[in-house]
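One-letter residues, chain by chain:
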Amino acid sequence: MKQELRIGFLPLTDCAVLVAALERGFFEKYGLHVTLQREVSWANIRDRVAFGELDAAHMLAPMPLAATLGIDGLGIPMQAAFSLGLNGSAITVASSLMEAMREHYPQALCTAPVRAHGLKRLLSAQVPRKLVFGCVYPFSQHHYLLQAWLQDGGLALGQDVEIRVIPPQQMVESLAQGQIDGYCAGEPWNQQAVSRGIGQVAVTSYDLWNNGPEKVLGVTQAWAEANPETHQALLCALLEAAHWLDEPHNRVRIAELLTRPEYLDVPLALIQPPLLGRYRYAPDEPERLLPDFNVFARYAANFPWHSHGAYFLAQMHATGQLATLPADPVALLAKVYCTPLYRLAAETLSLPYPTVDYLPSVHCLAPWVLRDASQPIAMGNSYVALERLRL
Amino acid sequence: MHKLMLVDQDPERSASLEVALLAAGYAHIIRVGQGENLLAAVRTHQPDIILIDMQSPDRDTLESLRNVSREMPKPIVFFAEQSDIDTTRAAISAGVSAYIVDDLPGKRLKSVLEVAIARFQEHQKLKDELEDYKSRLQDRKDVDKAKGILMQHRNLTEEEAYQLLRKMAMDRNMKIGEAARNFVAAMALLGGKF
């Protein structure tokens, strides 16, 4: 069994499961010696995993699918058997635009969630130019959420607004320099813009699609085939780490670890409140309570649902990333999102796991219980606010 | 002749790569450094090949452009046909990534990449050597300091002090510099002033 592993990550709060597994000794417990390697871009992560420089990595949930479809990078097939969490990102808009909306169209900011109609109205009157929004990667939930939110507000892509790819850790600087008018990214990069007073959060991913997909642990299919035991050990370590992280008092400890220079290297005040469910939308507002802003284990958060994969395929097609839908999506999703490997790891740890691959109820207003499982699993609500996201 | 763009945050490496590419017969080379607007530079110069340092955060931005317009770069897609997986692997491990605009003959891109890989590796070697030299210099200083303390407090000769330090290092399975640093730190904790 391969024991020395290098795992890549991007500086984002949701790399927490990897950091917890290392710092709390869960990797060691399963016989793994892991080095976490911070990367600067998702393309680096993809290429280094593809060529074996990294064994596995923190990846955006649609990345392994895009790689396997051959529409991203060199098309080396990848897979994911573990989701690193749900929710955790937000759409930030430049403070100047938010203030202008507040002044001219205060009504537009009074809906829940806030919709983008106010921006559209500003465009025709106060801001006669095209808006530019940043997103972290073409194949990301962030990109699909951002497009859906902008289009819901009546903004035409290309005409009213342009979407530009910028790595998450550069968003705040790009906003400060006026290169973009807003962006969709994970934490701590929204809270940083709010704390600097240059941006305000319009909506969180939690407002748009509560308990929506976010990141996964990605590996190449070749690596998974060559290292089945190591892969299982890795999944067990991550499952334990994710459960450890959903204990509120452990969130305090992980927040402190994440401030270290080798991880996020930002002040505790930007990392800890969202992890504890306290989220700041604007500098002059009190924090709002979003207990599920980061979900690491509850609600079957670590299960790589095929329904999420099917949604990514639909979004890739709708955004023009994928010209034609695959002939056999069921087989493709089974290859990419490896539910049997997850179940095996959960079984080893005597944790409950879903026995179906498709979430029986994606759009659900109240907490519910998943009974298609080895033991019933408590699920959160999964309200999907925008039509486009119900594809 | 194809137009090349070098995007590198390290000006020294970028300069040496430019020299090597000029020597290899590439006449049109544009260098873009840190803080410069890469997108504007790509639009202005319309290069055929872009070589970019993998540590540049502009990579994701650059790559996504291929979805937007045709004259913008795409990654080294022809390697996807597995024709030259080794060169790609070597490029990635050296930290260099290449993007091309139109389908260039594979040989040309390959020669560009080979020059870049060699330069990136050479540069890394120099950096490692410098690090190594610095750490050896530091080791020598710390060993001298530890020797001084031992000579003064235990009335040892320089050679005896050195042998004692060596033994400490061997017993603890450490490098002598590390053992000397530990020793000096321990003495400082015990209240000694050196």
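Remember, predicted model here, so these are calculated numbers, not experimental data.

*Asks:* Can you help me understand helix 16 (residues 329–336) of chain A in this one?
*Replies:* Since the α-helix turns once every 3.6 residues, residues separated by three or four places project in the same direction. All names here are of chain A. All of the buried residues along helix 16 are Leu-332, Leu-333 and Val-336. For helix 16, the buried positions fall inside an angular range of 95° around the axis, keeping them on one side. Packing partners of the buried residues in helix 16 comprise helix 4 (63–69), strand 4 (78–86), helix 11 (221–226) and helix 15 (306–318).

*Asks:* For this particular structure, what's the right way to read the pairing of strand 4 of chain A?
*Replies:* Along any regular strand the residues' side chains alternate between the sheet's two faces. All names here are of chain A. With 9 of 9 residues buried, strand 4 lies mostly within the body of the structure. Two strands pair when backbone bridges link them, and strand 4 and strand 10 (residues 213–220) are joined in this way by 7 bridges, in the antiparallel orientation. From the neighbouring strand, Ala-80 faces strand 10, where its bridge partner is Gly-218.

*Asks:* Just checking my understanding: could you explain the interface of chain A and chain B for this structure?
*Replies:* Size of an interface, as often reported, equals the accessible area lost when the parts are brought together. Between chain A and chain B, the contact holds 23 residues from the first and 21 residues from the second. Summing both partners gives a buried area of about 1900 Å² for chain A against chain B, and 54% of it is carried by carbon and sulfur. Our count for the chain A to chain B interface comes out at 7 residue pairs in polar contact (both at pLDDT 80 or more). Contributions of two or more residues to the side of chain A that touches chain B are made by helix 3 (42–50) and strand 7 (161–165) of chain A. With 6 residues, helix 3 of chain A is the largest single contributor of residues to the side of chain A that touches chain B. Across the side of chain A that touches chain B, the residue classes break down as 12 nonpolar, 4 polar and 7 charged.

*Asks:* How do you make sense of the sheet that holds strand 6 (residues 131–135) of chain A when you look at a structure like this?
*Replies:* In a beta sheet, neighbouring strands are held together by backbone hydrogen bonds and run either parallel or antiparallel to one another. Residues and elements named next belong to chain A. If you trace the 5 strands from one edge of the open sheet to the other, you get 7-6-8-5-9, paired in mixed fashion. Edge strands, defined here as strands with exactly one partner in the open sheet, are strand 7 and strand 9 (199–204). For this sheet, the mean inter-axis angle between neighbouring strands, taken without regard to orientation, is 25°. Note: strand 6 against strand 8 (residues 182–186), 3 bridges, orientation parallel. Across the sheet, residue Phe-133 finds its bridge partner in strand 8, namely Gly-182. In this fold helix 9 (residues 189–196) packs onto strand 5 (89–94), strand 8 and strand 9, with an angle of close to 130° to the strand it touches most, strand 8.

*Asks:* Before we go on, may I ask you to explain the layout of surface pockets in this structure?
*Replies:* The gaps of empty space that remain are located by a probe, the size of a water molecule, rolled over the atoms. Of the volumes computed, that of the largest pocket is approximately 620 Å³. For the largest pocket, the lining is made up of 24 residues, of which Gln170(A), Gln179(A), Glu36(B), Asn37(B) and Asp58(B) are closest to its centre. Put simply, the parts of the chain that give the lining of the largest pocket at least two residues each are helix 8 (171–176) of chain A together with helix 2 (38–45) of chain B. If one sorts the elements of the lining of the largest pocket by residue count, helix 2 of chain B sits on top with 4 residues. In terms of residue class, the lining of the largest pocket is built from 7 nonpolar, 11 polar and 6 charged.

*Asks:* Would you mind showing me how to read the side chain of His143(A) here?
*Replies:* Residues and elements named next belong to chain A. Considering the arrangement of structural elements, one finds His-143 in helix 7 (residues 141–152). Under the relative-accessibility criterion, His-143 is labelled buried at 10%. If we ignore the near neighbours within four places in the chain, the residues touching His-143 are Cys-135, Tyr-137, Pro-138, Ile-163 and Gln-321.

*Asks:* Just checking my understanding: could you explain the packing of aromatic side chains for this structure?
*Replies:* Within a pair of aromatic rings, the relevant descriptors are the distance that separates the centres and the angle that separates the planes. Residue and element names in this part refer to chain A. The final tally for this structure, using the stated rule, is 9 aromatic pairs over all chains. Measuring from centroid to centroid gives 6.1 Å for Phe-9 and Tyr-263, while their planes differ by 55°, and the two rings are tilted. Residue Phe-9 is found in strand 1 (residues 4–9), and its partner Tyr-263 is found in the loop between helix 13 (248–258) and helix 14 (268–275); the two are separated by 254 residues along the sequence. For Phe-9, a relative accessible area of 1% translates into the label buried. Each ring, one from Phe-303 and one from Trp-305, has its centre 4.6 Å from the other, and the planes form 70°; the classification is edge-to-face.

*Asks:* Mind showing me how you'd approach the UniProt feature "domain: ANTAR" (unreviewed entry) in chain B here?
*Replies:* Mapped onto the present numbering, the UniProt feature "domain: ANTAR" (unreviewed entry) falls at residues 123–184 of chain B. Along residues 123–184 of chain B the backbone is 89% helical and 0% strand, and the end-to-end C-alpha distance reaches 35 Å.

*Asks:* When you look at empty space enclosed by the protein in this model, what are you seeing that I'm missing?
*Replies:* All names here are of chain A. Under the counting rule described, the total for this entry stands at 4 cavities of 30 Å³ or more. Estimates place the volume of the largest cavity at around 200 Å³. What lines the largest cavity is a set of 24 residues, among which Leu-86, Asn-211, Trp-305, His-308 and Leu-359 lie closest to the centre. Mapped onto the lining of the largest cavity, the elements with two or more residues apiece are strand 4, strand 10 and helix 15. Counting residues per element, the lining of the largest cavity draws most heavily on strand 10, which supplies 4 residues. Residues that form the lining of the largest cavity fall into these classes: 15 nonpolar, 7 polar and 2 charged.

*Asks:* Just to check I follow, could you spell out the pattern of salt bridges for this structure?
*Replies:* For side chains of opposite charge, pairing can occur when their charged atoms come near one another. Applying the stated criterion across every chain yields a total of 33 salt bridges over all chains. Close ionic contact of Asp53(B) with Arg13(B) constitutes a salt bridge, the shortest N to O distance being 3.3 Å. Here Asp53(B) is found in strand 3 (residues 49–53), whereas its partner Arg13(B) is found in helix 1 (residues 11–23), with 40 residues between them in sequence. The exposure class assigned to Asp53(B) is buried, which follows from its relative accessible area of 6%. Arg13(B) sits in the buried class, given a relative accessible area of 9%. Salt bridges sharing common partners tie together Arg46(A), Asp47(A), Asp72(A) and Arg59(B).

*Asks:* Would you mind showing me how to read helix 6 (residues 117–124) of chain A here?
*Replies:* All names here are of chain A. Of the positions making up helix 6, those classed as buried are Gly-118, Leu-119, Leu-122 and Leu-123. One face of helix 6 carries all of its buried residues, which in axial projection span an arc of 140°. In this structure, the buried side of helix 6 is in contact with strand 5, helix 5 (95–104), strand 6 and helix 7.

*Asks:* What am I meant to see in the nonpolar core here?
*Replies:* Where a protein is soluble and globular, its nonpolar side chains tend to be buried together. By size, the foremost hydrophobic cluster in this structure holds 148 residues, and its most contacted members are Phe82(A), Trp149(A), Leu234(A), Ile254(A) and Leu258(A). Per element, the largest residue contribution to this core is 11 residues, and it comes from helix 12 (residues 228–245) of chain A. In this view, Trp149(A) contacts Ile91(A), Val93(A), Val114(A), Arg115(A), Ala116(A), Leu119(A), Ala202(A), Val203(A), Leu208(A) and Leu386(A); residues no more than four positions away in its chain are not counted. In terms of nonpolar packing, the next biggest core, distinct from the first, is built from 21 residues, Ala20(B), Ala91(B), Ala116(B) and Phe120(B) among them.

*Asks:* How should I be thinking about the pairing of strand 3 (residues 56–60) of chain A in this particular structure?
*Replies:* Residues and elements named next belong to chain A. Across the 5 residues of strand 3, 5 count as buried, placing the element largely inside the fold. Bridge analysis of strand 1 against strand 3 gives 2 bridges, and the strand direction is parallel. For Ile-7, the partnering residue across the bridge sits in strand 3 and is Ala-56.

What counts, and where the lines are drawn
All residue numbers refer to positions counted from 1 along the written sequence of the respective chain. To label them, take the chains in the order written and letter them from A, then take the ligands in the order written and number them from 1. Restriction of local features to residues with pLDDT of at least 70 applies here, the model being predicted, together with a cutoff of 80 or more for giving and counting side-chain atom pairs; totals for whole chains, interfaces and linings are based on all residues. With hydrogens and water set aside, each side-chain value is computed from the structure's full complement of heavy atoms. Each residue is placed in one exposure class: buried if its accessible area under a 1.4 Å probe, protein chains only, is under 20% of its type's maximum, exposed if it is over 50%, and partly exposed if it falls in between. Counting from the N terminus, the helices are DSSP H or I runs at least four residues long and the strands are E runs at least two residues long. Throughout, the arc means that of the directions going from the helix axis to the C-beta atoms. Contact criterion: two residues are considered in contact whenever any of their non-hydrogen atoms come within 4.5 Å of each other. We treat two strands as partners when DSSP finds at least two bridges between them. A 1.4 Å probe defines the accessible area here, and the buried area is the portion of it lost by two parts on being joined, summed over both. Counting of polar contacts relies on pairs of N or O atoms within 3.5 Å, with two restrictions inside protein: one atom must be capable of donating a hydrogen and the other of accepting it, and residues adjacent in sequence are counted only when both atoms are side-chain atoms. Residues are grouped as follows: Ala, Val, Leu, Ile, Met, Phe, Trp, Tyr, Cys and Pro are nonpolar; Asp, Glu, Lys and Arg are charged; all remaining types, including Gly, are polar. The axes used here are C-alpha line fits, helices contributing only the stretch in contact, and every angle between their N-to-C directions lies in the interval 0 to 180 degrees. The definitions used throughout rest on a 1 Å grid laid over the protein atoms alone, on which a cavity is an enclosed set of points accommodating a 1.4 Å probe that cannot get out and a pocket is an open set flanked by protein within 12 Å on both sides along at least five of seven lines; lining residues are those having an atom within 4 Å of a point. Grid points are joined across faces, edges and corners, and a volume is the space filled by probe spheres set on the points. Two rings belonging to Phe, Tyr or Trp (six-membered ring only in the last case) form a pair when the distance between their centres is within 6.5 Å. Interplanar angles under 30 degrees mark stacking, angles over 60 mark edge-to-face geometry, and anything in between is tilted. UniProt positions are given in the numbering used here, feature names are shortened, and annotations may be inferred rather than shown by experiment. We define a salt bridge as a contact between a side-chain nitrogen of Lys or Arg and a carboxyl oxygen of Asp or Glu at a distance within 4 Å. Take the buried Ala, Val, Leu, Ile, Met, Phe, Trp, Tyr and Cys residues and link them wherever side-chain atoms come within 4.5 Å; each set so joined is a nonpolar core.

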